[in-house]
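Survey of secondary and tertiary structure
So the chains spell out like this:
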Amino acid sequence: MYASRVRADLHIHTTASDGTLAPAKVVRIAASLGLRYVAIADHDTVDGVEEALAAARGTCLSIIPAVELSSVRDGRDIHVLGYFVNWRDRSFREHLGELRRMRLERVRRMLGLLAERGLELALEDVLKEANGENGSLGRPHIARALVRKKLLHSVEEAFERYLGRGAPCFVEKYEHDPVEVVATIRAAGGIPVLAHPGLHLTEEIVAELAGAGLLGIEAFHSDHDPATERRLLRLARGLGLVVTGGSDCHGVGSERGLRIGSRGVPTGLMFRVPA
Ligand code: AMP
Ligand code: ZN
Ligand code: FE
Ligand code: FE
């Protein structure tokens, strides 16, 4: 039904968080693929936005400033995208800085747990995989450092055996509730959109969040099959939510491959409530 060529990939990570491509490189690739809209949606940072905007100047590509914030409900991760956030706003940037400091602290704790299991990694090894101390440090950086140091074979192995939720070296970043995160994005002038609701998120939670100011859901995503897309489009229609979509690309050479433009939202449906 929505099989037309993707022109809008509204979920891309860069080196500002756990992507492997610099924002300018993302823009070059997206422009060469003929995309019209790309949202730079890094975890807990908007540091990639300015570079992407500059790189897109003079091309047919429009950059949508965005962010992806994390929250937890009943022991499950719930990610919320914030489109068109006021990325220059000082107090919002300070808030994001605080989140990144908590990420750094968490990496320190996870390195301690890994060391107890014989996997010795220095903080510097992890920082080398990321944008330094001001980067948005996550488990992918730890996993990549473990692989680079030949302590483990693959990023997948790192998540399965040590870093995944429920694995022995997992540490929570911070425990914000999704309702709180939706409010944070609204306060920063953004459009809060539930990221990759996938198969497991209940309609009750989506309805609750819609009542709390959520404005959209990411119906199209690399992890969603066509049946899931249809279910989410129906859900959006029922709740009057707009829909978005994107590849959630983390870059070339990343564990899930280069997938800019492999998924996205049909431009006619972008930020609209499905009919
Ligand atoms: P964090 O922000 O530190 O909690 O890490 C979450 C990120 O890790 C996600 O955004 C994905 O990029 C990545 N990730 C999560 N699970 C896996 C997995 N099983 N294999 C590879 N990457 C993963
Ligand atoms: Zn990620
Ligand atoms: Fe996510
Ligand atoms: Fe993402």
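Look a little higher up for the structure.
The notes below deal with the structure included here. (Residues numbered from 1 in each chain as written. Chains lettered and ligands numbered in written order. Predicted model: local features only at pLDDT ≥ 70, side-chain atom pairs only at ≥ 80, totals over all residues. Heavy atoms only, no water.)

1. A few points about helix H2 (residues 49-56)
Buried within H2 are the following residues: Val49, Ala52 and Ala56. One side of H2 holds all its buried residues, which, seen down the axis, span an arc of 65°. Of the surrounding elements, those touching the buried residues of H2 are helix H1 (23-32), strand S2 (37-43) and strand S3 (62-73). Among the residues trailing H2, Gly58 stands out with phi positive, at a value near 85°. (Buried < 20%, exposed > 50% of the residue type's maximum accessible area, 1.4 Å probe, protein only. Helix = DSSP H or I, 4+ residues; strand = E, 2+ residues; numbered from the N terminus. Arc of directions from axis to C-beta. Contact = heavy atoms within 4.5 Å.)

2. Focus: the coordination of the iron ion (ligand 3)
Only Glu68 (OE), His79 (ND1) and His196 (NE2) from the protein reach the iron ion (ligand 3) as donors, at distances of 2.1 to 2.2 Å. When the donors of the iron ion (ligand 3) are listed by position in the chain, the intervening gaps give E-x10-H-x116-H. The metal-metal distance between the iron ion (ligand 3) and the zinc ion (ligand 2) is 5.8 Å. Residue Glu68 is found in strand S3, and its partner His79 is found in strand S4 (residues 76-83); the two are separated by 11 residues along the sequence. Each of the two residues, Glu68 as well as His79, counts as buried. (Donors = N, O, S within 2.8 Å, 3.2 Å for Na, K, Ca; no water.)

3. With respect to the side chain of Glu218
In this fold, Glu218 is placed in strand S6 (residues 216-221). Lacking a salt bridge, the buried Glu218 has Arg259 as its closest oppositely charged neighbour, with an N-O distance of 9.2 Å. With near-sequence residues (within four places) excluded, Glu218 lies in contact with His11, Leu81, Val193, Leu194, Ala195, His196, Pro197, His224, Leu232, Thr244, Gly245 and Gly246. (Lys, Arg positive; Asp, Glu negative; His and termini not counted. Salt bridge = Lys/Arg side-chain N within 4 Å of Asp/Glu carboxyl O.)

4. With respect to the coordination of the iron ion (ligand 4)
Tetrahedral coordination by four donors sets the ideal angle at the metal to 109.5 degrees; octahedral coordination by six donors sets it to 90 or 180 degrees. Protein coordination at the iron ion (ligand 4) comes from His11 (NE2), His13 (NE2), Glu68 (OE) and Asp248 (OD), with a distance range of 2.1 to 2.3 Å. Classification of the site at the iron ion (ligand 4) rests on its four donor atoms, whose angles at the metal span 76 to 163°, yielding the label irregular. Here the donor residues of the iron ion (ligand 4) are spaced in sequence according to H-x1-H-x54-E-x179-D. Metal-to-metal, the separation of the iron ion (ligand 4) and the zinc ion (ligand 2) is 4.7 Å. Taken together, the residues His11 in strand S1 (residues 8-12) and Glu68 in strand S3 connect sequence positions 57 residues apart. Assessed through its relative accessible area of 1%, Glu68 is described here as buried. (Tetrahedral: all angles 85-135°; square planar, octahedral: opposite > 155°, others 65-115°.)

5. Here's the deal with the packing of aromatic side chains
Counted according to the given criterion, the structure contains two aromatic pairs. Seen in terms of ring centroids, Tyr83 and Phe271 are 5.2 Å apart; in terms of plane orientation they differ by 80°. Their pairing is edge-to-face. Taken together, the positions of Tyr83 in strand S4 and Phe271 in the segment after strand S7 (242-246) put the pair 188 residues apart, joining distant regions of the chain. Note on Tyr83: relative accessible area 0%, which makes it buried. Taking the centre distance of 5.5 Å and the plane angle of 50° together, the rings of Phe84 and Phe271 count as tilted. Taken together, the residues Phe84 in the loop between S4 and helix H3 (90-116) and Phe271 in the segment after S7 connect sequence positions 187 residues apart. Residue classification places Phe84 among the partly exposed residues on the basis of a relative accessible area of 38%. Grouped by ring-pair contacts, the aromatic residues Tyr83, Phe84 and Phe271 constitute a single cluster. (Phe/Tyr/Trp six-rings, centres within 6.5 Å; stacked < 30°, edge-to-face > 60°.)

6. Re the packing of helix H8 (residues 203-211) against helix H9 (residues 226-239)
Two elements in contact, H8 and H9, have axes whose closest approach is 11 Å; the angle formed by their N-to-C orientations is 35°. In this structure, the crossing between H8 and H9 has a hand that is right-handed. Contacts between H8 and H9 pair Glu203, Val206 and Ala207 from the former with Arg231, Leu235 and Leu239 from the latter. Across the contact of H8 with H9, the residue classes break down as four nonpolar, no polar and two charged. (Axes fitted to C-alpha atoms, helices over the stretch in contact; angles between N-to-C directions. Left-handed = near helix turned anticlockwise from the far one by under 90°. Nonpolar A, V, L, I, M, F, W, Y, C, P; charged D, E, K, R; others polar.)

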